[in-house]
Amino acid sequence: MSQFVLAVDDLVKHFVAKRSAFGRSLATVKAVDGVSFTLRPGETLALVGESGCGKSTVGRLVMRLIEPTAGRIVLDGEDVTALGETAFRPFRRKVQLIFQDPFASLNPRMTVGEILSEPLMLHDIVPARERRRRVGELLQMVGLQPSHAARYPHEFSGGQRQRIVIARALAVEPRIVICDEPVSALDVSIRAQILNLLKELQARLGLAYVFISHDLSVVKHIADRIAVMYLGRIVETGRADEVFATPRHPYTRALLSAIPVASPEARRERRILEGDVPSPLDPPPGCHLHTRCPYAAEICQTQRPALDDDGAGHATACHFWPTLPEQRDILPAEGKIDPRLERLFGAFAGTEA
Ligand code: SF4
C-alpha cells in the first residue's frame with residue numbers, strides 16, 4: 001500500500017481561450033503547467049499563491065471535476081487519471097471539496113437534515129433507518145446540534161453554514177478534503193473557529209487536507225507542508241515551518257513580506273515585486289517571474305528553472321537560489337504575527353461559529 005493518500009505527477013491543464021471558425025485553438029491558458037506533489041494521511045499541504053496562479057484548478061483536477069490535459073493523479077495507490085465516471089465513483093467518495101462560499105454551496109430549499117442525508121443515500125453509507133441518527137452525529141461532530149437538522153441554511157450564520165458544508169463533506173467518510181479558501185468569506189473571529197475545527201477533525205479522523213489559500217497568515221496556522229504557486233507552476237515547496245523561516249524563492253519572499261503585521265515593533269524589510277502578474281494567456285518564457293524579479297539574469301529569460309530539492313524536502317525553482325542573499329524571519333517569529341488572530345486561534349477551539 002502506498003504511503004501517500006494522494007500523488008500528483010506532472011499535472012497539466014490548458015484551457016482553450018479562443019478558437020478559429022474551424023475550431024482550431026488560437027489561444028491557450030496554461031492554468032496548471034507541470035505540477036507534482038504528494039500527500040500523506042493526516043497531513044495538510046497548503047497550495048498558496050495570488051489569484052489566478054492555478055491553485056484552485058489543481059483542486060478541481062484532483063476532484064476530477066475537470067479533466068487534465070496531461071499528467072497523473074494517484075489516489076490511494078491507484079492511478080485514477082483516465083478512469084471513466086462509473087469506475088471513478090468509488091474514488092469520488094475518498095475526496096471531498098469545501099468551497100469558499102458556504103451559502104452558495106447549500107441548497108436553500110432543503111433542510112440541513114436533507115442536505116446531509118443526500119450523500120449518505122447516494123453512496124449507501126448507512127441503512128435508511130440509521131440515517132437520522134448519523135445526521136445527528138455529523139452535526140455534533142462539527143459543533144452543531146442534532147435539532148438543527150430541521151432548519152434551513154438561511155437560518156444559520158456564515159460560520160455555522162460552513163460547519164454544515166464540512167459535515168456534508170464528512171458524511172461520505174473521505175480520506176482527503178480539498179479546502180478551497182474555506183475561511184476567506186468569513187469574519188476574522190469565525191475564521192479561527194473553523195480552522196480549529198478542521199484541525200480537530202483531522203486529528204480525530206486522520207484526514208488529509210489540500211488547503212488552498214491566498215492568505216499566508218491563515219496557512220501558517222494549519223499547514224504541515226506548503227507549495228507556493230506562480231502562474232501555474234510550483235516555485236517553492238517544503239515543510240511549512242522551514243519555508244516560513246527561511247524562504248528561498250524571490251516570489252515566496254515577496255509573498256511573505258506582504259503579510260500584514262499588527263505589532264508596531266515587528267520591523268521588517270518588504271520585498272516588493274515590480275509590475276503586475278503577467279497574463280496566463282501569454283506567460284513570460286523561461287522563469288515566469290523574470291519580468292518582475294530583482295535578481296533576474298539572462299538565463300532566466302530563456303530557461304525554465306527546475307524544482308531543485310535540497311535533499312531534505314525543501315525544493316526551489318530558481319536558477320540562483322543557492323547564491324541569493326539569505327533572508328530569515330521575513331515573517332516575525334511565532335507569536336508576533338498578528339496578536340488578534342493569534343489570540344483567536346487559541347481561544348475559540350471547538351466553540352460554535
Ligand atoms: Fe528570479 Fe531568475 Fe530565480 Fe526566476 S530564476 S526567480 S527570474 S533569479
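All of the points below concern the structure found in this document.

The rules we used
Residues numbered from 1 in each chain as written. Predicted model: local features only at pLDDT ≥ 70, side-chain atom pairs only at ≥ 80, totals over all residues. Heavy atoms only, no water. Helix = DSSP H or I, 4+ residues; strand = E, 2+ residues; numbered from the N terminus. Buried < 20%, exposed > 50% of the residue type's maximum accessible area, 1.4 Å probe, protein only. Contact = heavy atoms within 4.5 Å. Areas by Shrake-Rupley, 256 points an atom, 1.4 Å probe, with all protein chains shown as cover. Pairing = 2+ DSSP bridges. Near = heavy atom within 4 Å. Nonpolar A, V, L, I, M, F, W, Y, C, P; charged D, E, K, R; others polar. Right-handed = clockwise from strand over helix to strand, strands pointing away. Axes fitted to C-alpha atoms, helices over the stretch in contact; angles between N-to-C directions. Parallel < 35°, antiparallel > 145°, perpendicular 65-115°, else oblique. Left-handed = near helix turned anticlockwise from the far one by under 90°. Phe/Tyr/Trp six-rings, centres within 6.5 Å; stacked < 30°, edge-to-face > 60°. Lys NZ or Arg CZ within 6 Å of the ring centre and 35° of its normal.

### Description of the overall build of the protein
A count of helical and extended segments in the protein gives eleven helices and twelve strands. Counting over 353 residues, the protein shows a buried share of 53%. Within the protein, residue pairs in contact and separated by at least 24 positions form 66% of the contacts whose partners lie at least 6 positions apart. Here the protein has roughly 16400 Å² of accessible surface; of this, 50% comes from carbon and sulfur atoms.

### Looking at unusual backbone geometry
The phi torsion at Asp 10 lies on the positive side, around 50°, for a residue other than glycine. For Asp 10, a relative accessible area of 45% gives the class partly exposed. At Asp 76, a residue that is not glycine, the phi angle is positive and equals roughly 50°. Within the element layout of this structure, Asp 76 appears in the loop between β4 (70-75) and β5 (78-79).

### Details of the pairing of strand β6 (residues 95-98)
The two faces of β6 match: Val 95 and Leu 97 on one face and Gln 96 and Ile 98 on the other face are all buried. Judged from the four bridges that link them, β6 and strand β7 (residues 176-180) form a sheet pairing that is parallel. Paired with Val 95 across the bridge in β7 is Ile 176.

### Re the sheet that holds strand β3 (residues 44-48)
With respect to topology, eight strands assemble into an open sheet ordered β6-β7-β8-β3-β9-β10-β12-β11, the strand pairing being mixed. The sheet terminates laterally at β6 and β11 (308-309), the two strands that pair on one side only. Both β3 and strand β8 (residues 208-213) contribute to a ladder of five bridges, which runs parallel. Paired with Val 48 across the strands is Ser 213, a residue of β8.

### Concerning the site of the ligand
Near the ligand, the surroundings consist of His 249, Pro 250, Cys 287, Leu 289, His 290, Cys 293, Tyr 295, Ala 296, Cys 300, Cys 318, His 319 and Phe 320. Considered class by class, the residues forming the shell around the ligand number nine nonpolar, three polar and no charged.

### Remarks on the pairing of β8
Of all six residues making up β8, six are buried, and the element is well covered by its neighbours. Neither face of β8 is open: one carries Ala 208, Val 210 and Ile 212, the other Tyr 209, Phe 211 and Ser 213, and all of them are buried. In this sheet, β8 lies alongside β7 in parallel orientation, the contact comprising five bridges. Of the residues in β8, the one forming a bridge with Ile 178 is Val 210. As for the winding sense of the linkage, the β-α-β connection from β7 through helix α6 (residues 188-205) to β8 is right-handed.

### Regarding the sheet that holds strand β1 (residues 6-19)
Pairing within the open sheet is antiparallel, and its four strands lie in the order β2-β1-β4-β5. Two strands lie at the open edges of the sheet, namely β2 (25-39) and β5, each paired on one side alone. As paired elements, β4 and β5 share two bridges and run antiparallel to each other. Bridge pairing in β5 places Val 74 opposite Asp 79.

### Side note on the packing of helix α3 (residues 112-122) against helix α4 (residues 131-141)
It is at 10 Å that the axes of α3 and α4 come closest, and there the two elements cross at 110°. The pairing of α3 with α4 is recorded here as roughly perpendicular in orientation. α3 and α4 meet at a crossing whose hand is right-handed. Only Arg 131, Arg 134, Val 135, Leu 138 and Leu 139 of α4 make contact with α3, whose side of the interface consists of Val 112, Gly 113, Leu 116, Ser 117, Leu 120 and Met 121. A breakdown of the residues in the contact of α3 with α4 according to their chemical character gives seven nonpolar, two polar and two charged.

### A short note on helix α9 (residues 250-257)
When you tally the buried positions in α9, you get eight out of eight residues, the bulk of the element. Those residues of α9 that are buried lie in contact with α7 (216-219), β9 (225-230), β10 (233-239) and α8 (240-245).

### A look at the packing of aromatic side chains
One pass over the structure, following the stated rule, counts two aromatic pairs. With centroids separated by 6.3 Å and ring planes inclined at 20°, the aromatic side chains of Phe 88 and Phe 91 adopt a geometry described as stacked. With Phe 88 and Phe 91 both in helix α2 (residues 85-92) and three residues apart, this pair spans about one turn of that helix. Aromatic side chains Tyr 230 and Tyr 251 sit 4.6 Å apart centroid to centroid with 55° between the ring planes, which places their arrangement in the tilted category. With a gap of 21 residues between them, Tyr 230 in strand β9 and Tyr 251 in helix α9 connect regions that are remote in the sequence. For Tyr 251, a relative accessible area of 1% corresponds to the buried category. Geometry around Phe 88 places Arg 64 over its ring, the cationic atom sitting 4.9 Å from the centre.

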